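Chain by chain, the residues run as shown.
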Amino acid sequence: MCILYMADPADAEKWRDSLSTLTAELEFRQWPDIGNPAEVHYILAWEPLTNLAEQFSNLRIIYAAGAGVDQFDLASLPGHVSLIRLVDSSMADIMAEYVLFGVIALHRDILAYQEDQRSGRWHPKPIVRASQRRVGVMGVGNLGRAALDRLQPLGFQLSGWNRSLKDVPGGSCYVGRDQLDEFLGQCDILVNMLPLTPDTDGILNAARLACLPRGAGLINVGRGAHVIERDLLEALDEGRLGGAVLDVLVQEPPSQDSPVWKHPRILLTPHVASDVQISGAVAVIVENLAREKERKPLVNVVDRLKGY
Ligand code: NDP
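Bear in mind that the values here come from a model prediction, so they are computed numbers and not experimental data.

Some words on the packing of helix α3 (residues 89-107) against helix α5 (residues 142-151)
1) Next: In contact at an axis separation of 8 Å, α3 and α5 are set at 55° when each is read in the N-to-C sense. With respect to each other, α3 and α5 are oriented oblique. Crossing angle aside, the handedness with which α3 passes α5 is right-handed. Judged by residue contacts, Met-91, Ala-92, Asp-93, Met-95, Ala-96, Glu-97, Val-99, Leu-100 and Val-103 of α3 engage Asn-142, Leu-143, Ala-146, Ala-147, Arg-150 and Leu-151 from α5.
2) Next: Of the residues assigned to the contact of α3 with α5, the class counts are 11 nonpolar, 1 polar and 3 charged.

Thoughts on the domain arrangement of the chain
Interface size is commonly expressed as the accessible area that is lost once the parts come together.
1) Next: Domain boundaries in the chain define domain 1 (2-87 + 276-293) and domain 2 (90-268).
2) Next: On the side of domain 2, 6 residues touch domain 1, which itself brings 7 residues to the contact.
3) Next: In total, about 610 Å² of surface goes out of reach between domain 1 and domain 2, with carbon and sulfur atoms giving 60% of it.
4) Next: Of all residues in domain 1, the largest losses of buried area upon contact with domain 2 belong to Asp-70, Val-87 and Gln-277, amounting jointly to 65% of the total for that side.
5) Next: Where domain 1 packs against domain 2, one counts 1 salt bridge.
6) Next: Our enumeration of links across domain 1 and domain 2 arrives at 1 residue pair in polar contact (both at pLDDT 80 or more).

Brief notes about the side chain of Asp-247
1) Next: Mapped onto the elements, Asp-247 comes out in the loop between β11 (241-246) and β12 (266-268).
2) Next: This buried residue, Asp-247, is left without a salt bridge; Arg-223 holds the nearest opposite charge, at 7.0 Å.
3) Next: At 2.7 Å, the side chain of Asp-247 and the side chain of Thr-269 are in polar contact.
4) Next: If we skip the residues at most four places from it in the chain, Asp-247 touches Tyr-98, Asn-220, Val-221, Glu-252, Thr-269, Pro-270, His-271, Val-272 and Ala-273.

Here we look at the site of the ligand
1) Next: The immediate surroundings of the ligand are formed by 30 residues, with Asn-162, Arg-163, Ser-164, Lys-166 and Tyr-308 found nearest.
2) Next: Between Asp-199 and the ligand, the recorded distance is 3.2 Å, taken from a side-chain N or O atom to a nitrogen atom.
3) Next: When the ligand is considered free in solution it has 940 Å² of accessible area, and contact with the protein chains removes 94% of it.
4) Next: Within the residue set of the shell around the ligand, elements represented by two or more residues are α3, α5 and β7 (157-162).
5) Next: Looking at the shell around the ligand residue by residue, the class counts come to 13 nonpolar, 10 polar and 7 charged.
6) Next: For the shell around the ligand, the domains that each give at least three residues are domain 1 (2-87 + 276-293) and domain 2 (90-268).

Quick look at the packing of aromatic side chains
1) Next: This model, assessed by the stated rule, comprises 5 aromatic pairs.
2) Next: Centre to centre, the rings of Tyr-5 and Trp-15 are 6.3 Å apart; their planes meet at 45°, and the pair counts as tilted. One end of the pair, Tyr-5, is in strand β1 (residues 2-5); the other, Trp-15, is in helix α1 (residues 12-22), and 10 residues separate them in sequence.
3) Next: One aromatic cluster in this structure is built from Tyr-5, Trp-15 and Phe-28.

So, the environment of Glu-54
1) Next: Considering the arrangement of structural elements, one finds Glu-54 in helix α2 (residues 52-55).
2) Next: C-alpha separation for the pair Glu-54 and Gly-202, spaced 148 residues apart in sequence, amounts to 35 Å.

Comments concerning unusual backbone geometry
1) Next: Cis rather than trans, the peptide bond between Trp-31 and Pro-32 has omega equal to 10°.
2) Next: Within the secondary structure layout, Pro-32 lies in the loop between β2 (27-30) and β3 (40-45).
3) Next: The amide bond that connects Glu-252 to the next residue, Pro-253, takes the cis arrangement and shows omega of -5°.
4) Next: Considering the arrangement of structural elements, one finds Pro-253 in the loop between β11 and β12.
5) Next: One non-glycine residue, Asn-51, lies in the positive phi region at around 55°.
6) Next: Within the element layout of this structure, Asn-51 appears in the loop between β3 and α2.
7) Next: A relative accessible area of 49% means that Asn-51 is categorised as partly exposed.
8) Next: The phi angle at Arg-295 is positive, at roughly 55°, despite the residue not being glycine.
9) Next: Here Arg-295 shows up in the segment after α9 (278-293).
10) Next: The exposure class assigned to Arg-295 is exposed, which follows from its relative accessible area of 77%.

About the thresholds
- Residues numbered from 1 in each chain as written.
- Predicted model: local features only at pLDDT ≥ 70, side-chain atom pairs only at ≥ 80, totals over all residues.
- Heavy atoms only, no water.
- Axes fitted to C-alpha atoms, helices over the stretch in contact; angles between N-to-C directions.
- Helix = DSSP H or I, 4+ residues; strand = E, 2+ residues; numbered from the N terminus.
- Parallel < 35°, antiparallel > 145°, perpendicular 65-115°, else oblique.
- Left-handed = near helix turned anticlockwise from the far one by under 90°.
- Contact = heavy atoms within 4.5 Å.
- Nonpolar A, V, L, I, M, F, W, Y, C, P; charged D, E, K, R; others polar.
- Domains from an automatic or database assignment.
- Buried area = accessible area lost by both parts, 1.4 Å probe.
- Salt bridge = Lys/Arg side-chain N within 4 Å of Asp/Glu carboxyl O.
- Polar contact = N/O pair within 3.5 Å; in protein donor to acceptor, adjacent residues only side chain to side chain.
- Buried < 20%, exposed > 50% of the residue type's maximum accessible area, 1.4 Å probe, protein only.
- Lys, Arg positive; Asp, Glu negative; His and termini not counted.
- Near = heavy atom within 4 Å.
- Areas by Shrake-Rupley, 256 points an atom, 1.4 Å probe, with all protein chains shown as cover.
- Phe/Tyr/Trp six-rings, centres within 6.5 Å; stacked < 30°, edge-to-face > 60°.

This is the structure in structure tokens:
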């Protein structure tokens with residue numbers, strides 16, 4: 001039984017070591033040295049090859065090497081092969097830390113103060129208490145819930161928007177498209193933590209951004225394609241939005257002439273809000289090995305109909 005590693009070659013040794021520490025059952029092979037393809041039961045990949053079923057007749061599971069699975073063509077995966085996300089609580093903690101940073105940066109007007117600093121302006125703004133600031137999270141999933149839990153002790157007014165009703169610590173959950181505009185209308189700071197699917201692609205367009213209160217801030221840690229970039233830039237340039245913290249973009253890295261590099265109201269980071277944590281990810285693989293033996297349902301399986 002073996003797992004074929006097809007993700008970043010630079011991390012292969014760490015995965016190999018971590019897997020061999022937790023289980024002796026799995027032989028680790030690294031692409032392109034696949035050996036006998038019939039012995040490959042698992043693949044760990046950022047994006048797998050096409051024609052998997054023909055190449056690996058005994059393939060059972062593909063482990064996605066990233067947190068999102070939007071890079072996979074779900075329709076082309078063989079029906080009997082499960083696609084599994086390697087998310088764990090440490091990854092959610094790291095993401096929550098970034099969201100906390102972004103929320104506080106926007107809450108305390110740090111983008112405006114950076115702009116003032118660069119132009120030699122000393123211009124204090126009125127302080128707004130956290131209890132007066134409304135923070136809304138789109139996508140109350142594994143990561144969204146962890147971020148809300150981390151924000152709650154700071155006293156922000158919290159809300160969430162989700163496909164199904166979820167518990168939002170200390171706040172309310174808006175559900176579905178019918179309640180989206182109402183949700184946006186009460187977000188002083190909006191945090192996008194949705195997965196990218198046909199349903200959520202381009203969800204933050206001009207009309208939706210216009211629902212946000214004047215001067216609101218946006219944090220995007222989902223995927224770049226959730227936000228229509230030119231609509232965001234227009235809203236920032238016109239002062240309808242106060243600032244944006246962007247960890248993800250449609251084009252990563254953006255072209256050198258992209259306005260996002262130097263925009264005074266954009267704080268840009270290179271897709272580092274969180275990442276798969278090898279030790280936690282390996283624990284998911286080991287847990288699923290045990291579950292397969294006991295014929296129990298696997299954990300973290302992607303629902304192909306939902307696309308996440
Ligand atoms: P989960 O699958 O745990 O959560 C997704 C949540 O979004 C669910 O609560 C789901 O609702 C909700 N949702 C999905 N589609 C819709 C929709 N159309 N309308 C309303 N709600 C919807 O995912 P995670 O929290 O683990 O991850 C979320 C995303 O974060 C990833 O897909 C990835 O793109 C991104 N990410 C970014 C990283 C970065 O470094 N920037 C790192 C890690 C992840 P329901 O529960 O009802 O199904």
